Amino acid sequence: MKVIGICGSPRRGNTEWMLIRLLEAMARRGADTELILLRRKKIKGCNGCLNCEAGGKAREGICTIQDDMQEIYPRLLEADCLVFGTPVYFEMLSGLLKNFIDRTCPIWPRLEGKLLAGIAVAEEGIGKAVDNLRTYGSVCGMRWSGYVTALAKTPKQVTEDKKVDKKLQQLAGRLIGLLNA
Ligand SMILES: Cc1cc2nc3c(=O)[nH]c(=O)nc-3n(C[C@H](O)[C@H](O)[C@H](O)COP(=O)(O)O)c2cc1C
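Figured I'd write up the structure that's included with this text. (Residues numbered from 1 in each chain as written. Predicted model: local features only at pLDDT ≥ 70, side-chain atom pairs only at ≥ 80, totals over all residues. Heavy atoms only, no water.)

1. Structural notes on the pairing of strand 5 (residues 143–151)
Two elements, strand 4 (residues 115–122) and strand 5, share seven bridges in a ladder whose sense is parallel. The partner of A122 across the bridge, within strand 5, is L151. Taken together, strand 4, helix 4 (residues 129–140) and strand 5 form a β-α-β motif whose crossover is right-handed. (Pairing = 2+ DSSP bridges. Helix = DSSP H or I, 4+ residues; strand = E, 2+ residues; numbered from the N terminus. Right-handed = clockwise from strand over helix to strand, strands pointing away.)

Following this line, the structure appears as structure tokens:
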């Protein structure tokens, strides 16, 4: 049971804390977990060349851009479950996470069947952010498996919200159940 959390916040804030809590809870139940902090990675924007789909065989695709995505691709392919975490920016997912998502172009068909869950944090309203994550999962044929949202503004504000933590523990249990099924 390999689970990878991907954090799309540029700061050590609420999204990161929520992903850590979720992954800790899943690790306690036997999952092999990993957190990828996109703020620490050098990931260039997709250049749209579509060479990764050369011959229409995206399943065999590789990306020609040499950066930190190259070490991330095999880890994504090994995972059974991905959890995308995003701060809400202008009622959408963050640019950092969208940039990462675009760079999954060479491998997206091979994500089919994996579990996908989401975490989103906004000051006032989640807007379309969870829908954005769910849509990506749908395009890839992933199994949308739940989400937790929170309202917070300052970096560690969500740590005081016991209800959010309870929802994270519940989501961890649900994901473990699906992975064991
Ligand atoms: C560029 C930018 C755009 C934002 N847009 C929204 C928004 O549309 N709605 C909202 O409720 N909060 C918005 N926020 C507030 C963040 O979602 C909020 O501070 C959240 O806690 C950030 O999560 P983090 O701590 O994980 O980075 C925005 C913040 C920034 C920096």
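2. Description of the site of the ligand
As a structural note, the neighbourhood of the ligand is formed by 17 residues, with S9, T15, V88, E124 and A152 the closest of them. A distance of 3.3 Å is found between an oxygen atom of the ligand and a backbone nitrogen or oxygen belonging to V121. A distance of 3.1 Å separates an oxygen atom of the ligand from a polar atom in the backbone of E123. Relative to its free-state accessible area of 650 Å², the ligand is covered by the protein chains to the extent of 76%. Elements supplying a minimum of two residues to the shell around the ligand: helix 1 (14–28) and strand 4. A breakdown of the residues in the shell around the ligand according to their chemical character gives seven nonpolar, five polar and five charged. (Near = heavy atom within 4 Å. Polar contact = N/O pair within 3.5 Å; in protein donor to acceptor, adjacent residues only side chain to side chain. Areas by Shrake-Rupley, 256 points an atom, 1.4 Å probe, with all protein chains shown as cover. Nonpolar A, V, L, I, M, F, W, Y, C, P; charged D, E, K, R; others polar.)

3. A closer look at the nonpolar core
If you look at the biggest cluster of nonpolar residues, it comprises 28 residues, and the most contacted ones within it are V3, M18, L22, M26, V83, L168 and L175. Counting residues per element, the ones that place at least two in this core are strand 1 (2–7), helix 1, strand 3 (81–87), strand 4, strand 5 and helix 5 (162–180). Those residues in contact with L175 that lie beyond four places of it in its chain are L22, M26, C81, V83, L115, A117 and S145. In this structure, Y73, F84, F100 and C140 belong to the second largest nonpolar core, which totals 25 residues. (Core = buried A, V, L, I, M, F, W, Y, C linked by side-chain atoms within 4.5 Å. Buried < 20%, exposed > 50% of the residue type's maximum accessible area, 1.4 Å probe, protein only. Contact = heavy atoms within 4.5 Å.)

4. A word on the pattern of salt bridges
Once the charged atoms of two side chains with opposite charge are near each other, the side chains can pair. Summed over all chains, the structure comprises 11 salt bridges. Across the salt bridge formed by R21 and E24, the nearest N and O atoms sit 3.8 Å from each other. A residue pair is termed a helical-turn pair when its members lie 3 or 4 positions apart in one helix, as R21 and E24 do in helix 1 at three residues. In this structure, the salt-bridge partner of D131 is R134, at a minimum N-O distance of 2.9 Å. Taken together, the positions of D131 and R134, both in helix 4 and three residues apart, correspond to about one turn of that helix. Under the relative-accessibility criterion, R134 is labelled partly exposed at 33%. (Salt bridge = Lys/Arg side-chain N within 4 Å of Asp/Glu carboxyl O.)

5. Side note on the packing of helix 1 against helix 5
It is the contact of helix 1 with helix 5, at a shortest axis distance of 9 Å, that shows an interaxial angle of 45°. One way to sum up the angle between helix 1 and helix 5 is to call them oblique. Handedness of the crossing formed by helix 1 with helix 5: right-handed. Facing helix 1, whose interface residues are W17, M18, R21, L22, A25, M26 and R28, helix 5 presents V164, D165, L168, Q169, L171, A172, L175, I176 and L179. When its residues are assigned to classes, the contact of helix 1 with helix 5 shows 12 nonpolar, one polar and three charged. (Axes fitted to C-alpha atoms, helices over the stretch in contact; angles between N-to-C directions. Parallel < 35°, antiparallel > 145°, perpendicular 65-115°, else oblique. Left-handed = near helix turned anticlockwise from the far one by under 90°.)

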